[in-house]
Amino acid sequence: MPHFMIQALKAGELGEAWPLVRSSGCYANVDWWVTSAEEIIRRGGGVLAARAKDGRIHGVATFMVPGDITTDGVLTIPTLITFELSRGAPARSALLRALERTATKFGCTHLILPLTGKRAA
């Protein structure tokens, strides 16, 4: 099973994830992706990337911290995109583990994930 390093992307690094994000069909262009991700970071959330040993990004997740943790307690994951070559989905698994740790760090007890889907051909 491949091992992935999970990295929090800074605003200047968001373009590195564009090839994977583009393949998902979720964003029309790189500017839309970068602007959306920068807004998430600006609001206190973040963008995580799963990098393989060769440095390539195999997964990207964005997360948003709730406004009021005492009433919400939910970490929202608007974007979760992976490129998998294994049914075991190691990039997705690595990102989910990192998101669970992130949720705990922010005092969240639940994650809200996007529905699983496949890009239409």
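As shown above, the structure is provided for reference.
Residues numbered from 1 in each chain as written. Predicted model: local features only at pLDDT ≥ 70, side-chain atom pairs only at ≥ 80, totals over all residues. Heavy atoms only, no water.

1. Some details on the nonpolar core
Soluble, globular proteins show a tendency: their nonpolar side chains are buried together. Core analysis: the largest hydrophobic core is formed by 17 residues, its most contacted members being I77 and L99. At the level of secondary structure, the elements contributing two or more residues to this core comprise β2 (46–51), β3 (57–64), β4 (74–82) and α3 (90–105). Take this core: its biggest share by element is seven residues, from α3. Once you skip the residues sitting within four places of it in the chain, L99 turns out to touch L48, A61, F63, L75, I77 and L111. Counting residues in each nonpolar core, the second largest holds 15 residues, with L9, L20, A37 and I81 among its members. (Core = buried A, V, L, I, M, F, W, Y, C linked by side-chain atoms within 4.5 Å. Buried < 20%, exposed > 50% of the residue type's maximum accessible area, 1.4 Å probe, protein only. Helix = DSSP H or I, 4+ residues; strand = E, 2+ residues; numbered from the N terminus. Contact = heavy atoms within 4.5 Å.)

2. Points about the packing of aromatic side chains
For the coordinates displayed, the defined rule picks out three aromatic pairs. Judged by centre distance (5.4 Å) and plane angle (70°), the rings of Y27 and W33 are edge-to-face. As far as the burial class goes, Y27 and W33 line up, both buried. Ring pairs connect the aromatic residues Y27, W32 and W33, which therefore count as one cluster. (Phe/Tyr/Trp six-rings, centres within 6.5 Å; stacked < 30°, edge-to-face > 60°.)

3. Overview of the side chain of H58
Tracing the backbone through its elements, the reader meets H58 in strand β3. Given the relative accessible area of 17%, H58 is considered buried. Discounting residues that sit within four places of it in the chain, H58 has contacts with F4, L20, A50, A52, I81, T82, F83 and A91.

Geometric values such as these leave the question of function open.
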